[in-house]
Amino acid sequence: MSQARARAHEERTAQIETTWRERALNAEDALAAANREIVQQRHTIAELLGRIRDLEADLPEDGVPRLLAENATLKQQVRDLTTDARGLQERLHSARENNRFLDNRIANLEAELDARDRQRG
């Protein structure tokens, strides 16, 4: 009976070792993949930084302040146009309300005229 226990213990130990070995191999694979990803991202970052340097080199000395001023002007124009659009939207809404009121008024007047014509005729 002790031999059966010893054999069962050895089998469990071997199974546990196999599981841990698989986990270690999976961890090594994941680490290698992470290292490849890091190298690729570093290469991409270096390339993008090079592009930024190229773009900065192409700008004239007054380019940055000029672009900032132009950006501020454009933002102000957007705010003004947004305000104008909101005002026009409100005017359109009011005009539609007035039109509905006038349509109802015309319908009421036509009904009155029709009622008068019936009374006369």
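Fair warning: this is a prediction, and the values are worked out from it, not measured in the lab.

Colleague: Help me out: how do you make sense of the overall build of the protein chain in this one?
Modeller: The helix and strand tally for the protein chain stands at 2 helices and 0 strands. Scaling as 2.2 N^0.38, a compact globule of 121 residues should have a C-alpha radius of gyration of about 14 Å, whereas the protein chain reaches 41 Å, well beyond that. When the backbone C-alpha atoms are referred to their principal axes, the protein chain occupies close to 125 × 70 × 15 Å. By the burial criterion, 2% of the 121 residues in the protein chain qualify as buried. Put simply, the protein chain shows about 11,500 Å² of open surface, and 55% of that area lies on carbon and sulfur atoms.

Colleague: What is the right way to read the pattern of salt bridges from this model?
Modeller: Any two side chains of opposite charge can pair, on the condition that their charged atoms come close. Applying the stated criterion across every chain yields a total of 3 salt bridges. A salt bridge links Arg-100 to Glu-97, with the shortest nitrogen-to-oxygen separation between them at 2.8 Å. Taken together, the positions of Arg-100 and Glu-97, both in helix 2 (residues 63–120) and 3 residues apart, correspond to about one turn of that helix. Look at Arg-100 and you get partly exposed, because its relative accessible area is 47%. Overall, the relative accessible area of 39% leaves Glu-97 in the partly exposed class. Arg-118 is the partner of Asp-114 in a salt bridge, and the nearest nitrogen-oxygen pair spans 3.1 Å. A residue pair is termed a helical-turn pair when its members lie 3 or 4 positions apart in one helix, as Asp-114 and Arg-118 do in helix 2 at 4 residues.

Colleague: Just to check I follow, could you spell out the environment of Val-64 for this structure?
Modeller: Considering the arrangement of structural elements, one finds Val-64 in helix 2. Judged by its relative accessible area of 45%, Val-64 is partly exposed. With 10 residues separating them along the chain, Val-64 and Leu-74 place their C-alpha atoms 15 Å apart.

Colleague: How do you make sense of the environment of Leu-74 when you look at a structure like this?
Modeller: Inspection of the secondary structure puts Leu-74 in helix 2. Between the C-alpha atom of Leu-74 and that of Glu-10, which follows or precedes it by 64 residues, the distance is 77 Å.

Colleague: Explanation requested: a nonpolar patch on the surface in the structure shown.
Modeller: Together, Leu-59, Val-64, Leu-67 and Leu-68 give the surface a local cluster of nonpolar side chains, amounting to about 350 Å² of exposed area. With respect to the element layout, Leu-68 can be found in helix 2.

Parameters at a glance
Every chain is numbered on its own, with residues counted from 1 as its sequence reads. Totals for whole chains, interfaces and linings use every residue, but because this is a predicted model, local features are given only for residues with pLDDT of at least 70 and side-chain atom pairs only at 80 or more, for both listing and counting. In computing side-chain values, all of the structure's heavy atoms are included and hydrogens and water are not. Here a helix means four or more residues in a row that DSSP labels H or I, a strand means two or more in a row labelled E, and each is numbered from the N terminus. C-alpha atoms define the radius of gyration, and 2.2 Å times the number of residues to the power 0.38 defines the globule rule. Using a 1.4 Å probe on the protein chains alone, a residue whose accessible area is under 20% of its type maximum counts as buried, one over 50% counts as exposed, and one in between counts as partly exposed. Residue exposure ignores everything except the shown protein chains as possible cover, and the areas themselves are Shrake-Rupley values with a 1.4 Å probe. Salt bridge, as used here, is a side-chain nitrogen of Lys or Arg placed within 4 Å of a carboxyl oxygen of Asp or Glu. Patch members must show over 30% relative accessible area and no salt bridge, and they are joined within 9 Å when carrying like charges or within 5 Å when they are nonpolar side chains of Val, Leu, Ile, Met, Phe, Trp or Tyr.

Read these as spatial facts, not as claims about activity.
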